[in-house]
Amino acid sequence: MPIIRRIVRSMDLLFCATVITLAVWIPFRRDHRAVALGILAFLGVLGIVLLFAQRKRRIEEAKKRKAVQRQIRFEKLMLVSDETMRERLNEPDLYVLRGQTLDSDSALAAIRSSARTVACVGDLNGTERLFQAYMPKTKLILLDELIERFRPSCSSEEIDARLRPQKKKRPGLQQVLKTATGNKYLLLGILLYALSFILNYQIYYRLIGSLCFGLSALTTVFKPAGKDPTQNK
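Residues numbered from 1 in each chain as written. Predicted model: local features only at pLDDT ≥ 70, side-chain atom pairs only at ≥ 80, totals over all residues. Heavy atoms only, no water.

We now examine the confidence of the model for the protein. A residue-level look at the protein finds 84% of positions with pLDDT of 70 or above and a mean pLDDT of 81. Every residue in residues 226-233 is under pLDDT 50, and counting partners more than four places away or in other chains gives one contact. (pLDDT = per-residue confidence, 0-100. Contact = heavy atoms within 4.5 Å.)

Given below as C-alpha coordinates:
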(Lines give C-alpha, C1' and ligand atoms only; values in the text may rest on other atoms or scores of the structure.)
Protein backbone atom coordinates (compact mmCIF):
# COMPACT_ATOMS: atom_id res chain seq x y z
CA MET A 1 0.00 0.00 0.00
CA PRO A 2 1.45 3.42 -0.86
CA ILE A 3 2.70 5.51 2.05
CA ILE A 4 0.33 8.40 1.33
CA ARG A 5 -2.67 6.06 1.38
CA ARG A 6 -1.54 4.63 4.72
CA ILE A 7 -1.18 8.11 6.19
CA VAL A 8 -4.63 9.15 4.96
CA ARG A 9 -6.22 5.98 6.31
CA SER A 10 -4.51 6.42 9.69
CA MET A 11 -5.70 10.03 9.90
CA ASP A 12 -9.21 8.93 9.01
CA LEU A 13 -9.21 6.30 11.77
CA LEU A 14 -7.90 8.80 14.32
CA PHE A 15 -10.53 11.34 13.29
CA CYS A 16 -13.29 8.75 13.56
CA ALA A 17 -12.11 7.65 17.02
CA THR A 18 -11.87 11.27 18.18
CA VAL A 19 -15.40 12.13 17.03
CA ILE A 20 -16.90 9.07 18.74
CA THR A 21 -14.95 9.75 21.95
CA LEU A 22 -16.05 13.39 22.05
CA ALA A 23 -19.68 12.39 21.54
CA VAL A 24 -19.45 10.16 24.62
CA TRP A 25 -17.18 12.43 26.70
CA ILE A 26 -18.95 15.80 26.32
CA PRO A 27 -21.93 14.95 28.60
CA PHE A 28 -19.49 14.01 31.39
CA ARG A 29 -16.91 16.75 30.85
CA ARG A 30 -17.66 18.43 34.22
CA ASP A 31 -16.69 15.33 36.16
CA HIS A 32 -13.28 15.58 37.87
CA ARG A 33 -12.31 12.27 36.25
CA ALA A 34 -13.38 13.41 32.79
CA VAL A 35 -9.84 13.69 31.39
CA ALA A 36 -8.80 10.20 32.49
CA LEU A 37 -12.08 8.71 31.32
CA GLY A 38 -11.76 10.58 28.01
CA ILE A 39 -8.28 9.15 27.41
CA LEU A 40 -9.41 5.63 28.27
CA ALA A 41 -12.48 6.01 26.08
CA PHE A 42 -10.36 7.28 23.19
CA LEU A 43 -7.95 4.35 23.45
CA GLY A 44 -10.85 1.89 23.65
CA VAL A 45 -12.68 3.40 20.70
CA LEU A 46 -9.46 3.56 18.70
CA GLY A 47 -8.81 -0.13 19.40
CA ILE A 48 -12.31 -1.10 18.29
CA VAL A 49 -12.03 1.04 15.15
CA LEU A 50 -8.67 -0.56 14.32
CA LEU A 51 -10.14 -4.05 14.79
CA PHE A 52 -13.04 -3.26 12.46
CA ALA A 53 -10.67 -1.71 9.89
CA GLN A 54 -8.39 -4.75 10.05
CA ARG A 55 -11.35 -7.12 9.64
CA LYS A 56 -12.60 -5.14 6.64
CA ARG A 57 -9.12 -5.18 5.11
CA ARG A 58 -8.89 -8.96 5.55
CA ILE A 59 -12.29 -9.46 3.91
CA GLU A 60 -11.28 -7.28 0.97
CA GLU A 61 -7.97 -9.14 0.66
CA ALA A 62 -9.77 -12.50 0.71
CA LYS A 63 -12.17 -11.35 -2.03
CA LYS A 64 -9.27 -10.12 -4.14
CA ARG A 65 -7.37 -13.39 -3.74
CA LYS A 66 -10.49 -15.40 -4.61
CA ALA A 67 -11.02 -13.36 -7.78
CA VAL A 68 -7.37 -13.86 -8.80
CA GLN A 69 -7.62 -17.57 -8.07
CA ARG A 70 -10.71 -17.85 -10.27
CA GLN A 71 -8.93 -15.99 -13.07
CA ILE A 72 -5.90 -18.29 -12.92
CA ARG A 73 -8.08 -21.40 -12.98
CA PHE A 74 -10.06 -19.96 -15.89
CA GLU A 75 -6.83 -19.47 -17.85
CA LYS A 76 -5.77 -23.05 -17.15
CA LEU A 77 -9.17 -24.33 -18.30
CA MET A 78 -8.66 -22.41 -21.54
CA LEU A 79 -5.66 -24.65 -22.20
CA VAL A 80 -7.66 -27.88 -21.83
CA SER A 81 -8.49 -29.39 -25.21
CA ASP A 82 -12.05 -30.12 -26.35
CA GLU A 83 -11.33 -33.86 -26.44
CA THR A 84 -10.12 -33.86 -22.84
CA MET A 85 -13.24 -31.98 -21.77
CA ARG A 86 -15.50 -34.47 -23.50
CA GLU A 87 -13.75 -37.35 -21.74
CA ARG A 88 -13.63 -35.74 -18.30
CA LEU A 89 -17.23 -34.52 -18.45
CA ASN A 90 -18.46 -37.71 -20.13
CA GLU A 91 -20.31 -35.66 -22.74
CA PRO A 92 -19.67 -36.96 -26.30
CA ASP A 93 -21.87 -34.28 -27.90
CA LEU A 94 -20.13 -31.30 -26.33
CA TYR A 95 -19.54 -27.81 -27.73
CA VAL A 96 -16.93 -25.71 -25.92
CA LEU A 97 -17.30 -21.94 -25.73
CA ARG A 98 -14.11 -20.10 -24.84
CA GLY A 99 -13.46 -16.48 -24.00
CA GLN A 100 -13.07 -14.09 -21.09
CA THR A 101 -16.55 -12.76 -21.83
CA LEU A 102 -18.79 -14.87 -24.06
CA ASP A 103 -20.75 -12.58 -26.37
CA SER A 104 -23.90 -13.16 -28.41
CA ASP A 105 -21.98 -14.26 -31.52
CA SER A 106 -20.29 -17.07 -29.59
CA ALA A 107 -23.60 -18.14 -28.04
CA LEU A 108 -25.35 -18.19 -31.42
CA ALA A 109 -22.50 -20.25 -32.89
CA ALA A 110 -23.02 -22.83 -30.14
CA ILE A 111 -26.76 -22.83 -30.79
CA ARG A 112 -26.19 -23.41 -34.51
CA SER A 113 -24.07 -26.45 -33.68
CA SER A 114 -27.18 -28.13 -32.15
CA ALA A 115 -24.97 -29.70 -29.49
CA ARG A 116 -26.76 -31.23 -26.53
CA THR A 117 -24.24 -29.85 -24.03
CA VAL A 118 -22.33 -26.54 -24.07
CA ALA A 119 -19.37 -25.95 -21.78
CA CYS A 120 -18.86 -22.24 -21.12
CA VAL A 121 -15.20 -21.52 -20.38
CA GLY A 122 -15.91 -17.87 -19.58
CA ASP A 123 -18.67 -15.66 -18.26
CA LEU A 124 -21.93 -15.53 -20.23
CA ASN A 125 -22.98 -12.09 -18.94
CA GLY A 126 -26.61 -12.44 -19.94
CA THR A 127 -26.20 -14.42 -23.17
CA GLU A 128 -27.80 -17.47 -21.53
CA ARG A 129 -31.14 -15.92 -22.52
CA LEU A 130 -30.33 -16.91 -26.13
CA PHE A 131 -30.08 -20.57 -25.11
CA GLN A 132 -33.35 -20.30 -23.19
CA ALA A 133 -35.05 -18.72 -26.20
CA TYR A 134 -33.70 -20.87 -29.07
CA MET A 135 -32.41 -24.08 -27.47
CA PRO A 136 -34.06 -24.49 -24.06
CA LYS A 137 -33.12 -28.17 -23.87
CA THR A 138 -29.40 -27.44 -24.15
CA LYS A 139 -27.43 -28.39 -21.05
CA LEU A 140 -25.18 -25.52 -20.01
CA ILE A 141 -22.09 -26.18 -17.91
CA LEU A 142 -20.97 -22.82 -16.55
CA LEU A 143 -17.46 -21.73 -15.62
CA ASP A 144 -17.78 -22.21 -11.85
CA GLU A 145 -19.07 -25.76 -12.36
CA LEU A 146 -16.19 -26.50 -14.72
CA ILE A 147 -13.71 -25.19 -12.15
CA GLU A 148 -15.34 -27.38 -9.49
CA ARG A 149 -15.21 -30.49 -11.65
CA PHE A 150 -11.74 -30.02 -13.15
CA ARG A 151 -10.16 -28.33 -10.11
CA PRO A 152 -7.18 -26.73 -11.93
CA SER A 153 -4.23 -26.28 -9.60
CA CYS A 154 -3.65 -22.79 -8.20
CA SER A 155 -0.99 -22.25 -5.53
CA SER A 156 -0.64 -19.36 -3.11
CA GLU A 157 2.60 -18.41 -4.84
CA GLU A 158 0.75 -17.93 -8.13
CA ILE A 159 -1.82 -15.70 -6.46
CA ASP A 160 0.87 -13.68 -4.70
CA ALA A 161 2.71 -13.21 -7.98
CA ARG A 162 -0.45 -11.79 -9.61
CA LEU A 163 -1.15 -9.49 -6.67
CA ARG A 164 2.43 -8.24 -6.41
CA PRO A 165 2.57 -4.71 -7.87
CA GLN A 166 4.73 -4.32 -10.92
CA LYS A 167 7.68 -2.03 -10.49
CA LYS A 168 7.49 0.91 -12.83
CA LYS A 169 10.75 2.14 -14.21
CA ARG A 170 10.96 5.81 -13.43
CA PRO A 171 13.04 8.01 -15.70
CA GLY A 172 16.12 9.53 -14.10
CA LEU A 173 16.68 13.24 -13.66
CA GLN A 174 19.08 13.37 -16.60
CA GLN A 175 16.53 11.70 -18.89
CA VAL A 176 13.82 14.13 -17.76
CA LEU A 177 16.06 17.08 -18.44
CA LYS A 178 16.94 15.69 -21.87
CA THR A 179 13.30 15.39 -22.90
CA ALA A 180 12.31 18.79 -21.50
CA THR A 181 12.34 21.91 -23.65
CA GLY A 182 14.51 24.74 -22.36
CA ASN A 183 12.66 27.43 -24.34
CA LYS A 184 9.42 26.73 -22.46
CA TYR A 185 11.10 27.22 -19.10
CA LEU A 186 12.78 30.38 -20.37
CA LEU A 187 9.48 31.88 -21.58
CA LEU A 188 7.74 30.91 -18.35
CA GLY A 189 10.50 32.53 -16.29
CA ILE A 190 10.25 35.77 -18.28
CA LEU A 191 6.46 35.76 -17.86
CA LEU A 192 6.70 35.25 -14.09
CA TYR A 193 9.25 38.07 -13.75
CA ALA A 194 6.98 40.36 -15.76
CA LEU A 195 4.03 39.47 -13.51
CA SER A 196 6.12 40.22 -10.41
CA PHE A 197 6.13 43.94 -11.36
CA ILE A 198 2.33 44.00 -11.66
CA LEU A 199 0.91 41.65 -9.02
CA ASN A 200 1.44 41.28 -5.29
CA TYR A 201 3.77 38.74 -3.66
CA GLN A 202 6.60 39.64 -6.03
CA ILE A 203 9.09 37.45 -4.16
CA TYR A 204 7.18 34.24 -5.01
CA TYR A 205 6.94 35.05 -8.71
CA ARG A 206 10.64 35.88 -8.85
CA LEU A 207 11.67 32.76 -6.95
CA ILE A 208 9.68 30.51 -9.30
CA GLY A 209 10.90 32.51 -12.28
CA SER A 210 14.50 32.02 -11.17
CA LEU A 211 13.82 28.30 -10.84
CA CYS A 212 12.51 28.27 -14.42
CA PHE A 213 15.68 30.03 -15.62
CA GLY A 214 17.75 27.40 -13.85
CA LEU A 215 15.76 24.57 -15.45
CA SER A 216 16.15 26.25 -18.82
CA ALA A 217 19.91 26.28 -18.38
CA LEU A 218 19.98 22.63 -17.25
CA THR A 219 17.86 21.41 -20.15
CA THR A 220 20.12 23.29 -22.54
CA VAL A 221 23.18 21.59 -21.04
CA PHE A 222 21.63 18.11 -21.18
CA LYS A 223 20.06 18.59 -24.60
CA PRO A 224 21.41 16.01 -27.08
CA ALA A 225 23.85 17.52 -29.47
CA GLY A 226 22.60 17.83 -33.02
CA LYS A 227 24.12 15.76 -35.76
CA ASP A 228 26.87 17.54 -37.63
CA PRO A 229 25.64 18.01 -41.21
CA THR A 230 29.22 17.73 -42.50
CA GLN A 231 29.74 14.35 -40.85
CA ASN A 232 28.49 12.34 -43.83
CA LYS A 233 30.48 14.33 -46.31
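A few words now on the packing of helix 3 (residues 82-89) against helix 6 (residues 143-150). Relative orientation of the contacting elements helix 3 and helix 6 amounts to 75 degrees, with a least axis distance of 11 Å. In this view, helix 3 runs roughly perpendicular relative to helix 6, as classed from their interaxial angle. Within the contact between the two elements, helix 3 uses Met-85, Arg-88 and Leu-89 and helix 6 uses Leu-146, Arg-149 and Phe-150. When its residues are assigned to classes, the contact of helix 3 with helix 6 shows four nonpolar, no polar and two charged. (Axes fitted to C-alpha atoms, helices over the stretch in contact; angles between N-to-C directions. Helix = DSSP H or I, 4+ residues; strand = E, 2+ residues; numbered from the N terminus. Parallel < 35°, antiparallel > 145°, perpendicular 65-115°, else oblique. Nonpolar A, V, L, I, M, F, W, Y, C, P; charged D, E, K, R; others polar.)

Here we come to unusual backbone geometry. With a phi close to 60 degrees, Ser-114 is a non-glycine residue in the positive phi region. Residue placement: Ser-114 occurs in the loop between helix 4 (104-112) and strand 2 (117-123). Its identity is not glycine, yet Asn-125 carries a phi of approximately 55 degrees, on the positive side. When you line up the elements, Asn-125 lands in the loop between strand 2 and helix 5 (128-134).

Another aspect to go through is the sheet that holds strand 2. Strands sit in the order 1-2-3 across an open sheet of three strands; the sheet is parallel. In this open sheet, the two strands that pair with only one neighbour each are strand 1 (94-101) and strand 3 (139-141). Across the sheet, the mean angle from the axis of one strand to that of its neighbour is 20 degrees, orientation sign disregarded. Summarising the sheet, strand 2 and strand 3 pair through three bridges and their orientation is parallel. Looking at strand 3, one finds that Ala-119 is bridged to Ile-141. (Pairing = 2+ DSSP bridges.)

A few words now on the pairing of strand 2. Among the seven residues in strand 2, six count as buried, and that is most of the element. The sheet contact formed by strand 1 and strand 2 spans six bridges and is parallel. Bridge pairing in strand 2 places Tyr-95 opposite Val-118. One crossover worth recording links strand 1 to the parallel strand 2 by way of helix 4, and it is right-handed. Each parallel crossover has a hand, and for strand 2 linked through helix 5 to strand 3 it is right-handed. (Buried < 20%, exposed > 50% of the residue type's maximum accessible area, 1.4 Å probe, protein only. Right-handed = clockwise from strand over helix to strand, strands pointing away.)

Contact pair helix 2 (residues 34-78) / helix 7 (residues 156-163): the axes reach a minimum separation of 10 Å and the direction vectors enclose 105 degrees. The pairing of helix 2 with helix 7 is recorded here as roughly perpendicular in orientation. Here Glu-61, Lys-64, Arg-65, Val-68, Gln-69, Gln-71, Ile-72, Glu-75 and Lys-76 of helix 2 come into contact with helix 7, specifically with Ser-156, Glu-158, Ile-159, Asp-160, Arg-162 and Leu-163. Of the residues in the contact of helix 2 with helix 7, the class split is four nonpolar, three polar and eight charged.

Quick look at the nonpolar core now. Nonpolar side chains in soluble globular proteins tend to be buried together. Judged by nonpolar contacts, the single largest core of 14 residues is most densely connected at Leu-77, Met-85, Leu-89, Leu-94, Val-121, Leu-146 and Phe-150. Breaking this core down by element, the ones donating at least two residues are helix 2, helix 3, strand 1, strand 2 and helix 6. Here this core takes four residues from helix 6, the largest share from any one element. In this structure, Leu-94 is in contact with Met-85, Arg-86, Leu-89, Thr-117, Val-118 and Ala-119, ignoring residues within four places of it in sequence. Grouped together as the second largest cluster of nonpolar side chains are 11 residues, Leu-97, Ile-111, Leu-124 and Leu-130 included. (Core = buried A, V, L, I, M, F, W, Y, C linked by side-chain atoms within 4.5 Å.)

Considering the arrangement of structural elements, one finds Thr-127 in the loop between strand 2 and helix 5. For Thr-127, the side chain forms a polar contact with the main-chain oxygen of Leu-124, separated by 2.8 Å. Once you skip the residues sitting within four places of it in the chain, Thr-127 turns out to touch Leu-102, Asp-103, Ser-104 and Ala-107. (Polar contact = N/O pair within 3.5 Å; in protein donor to acceptor, adjacent residues only side chain to side chain.)

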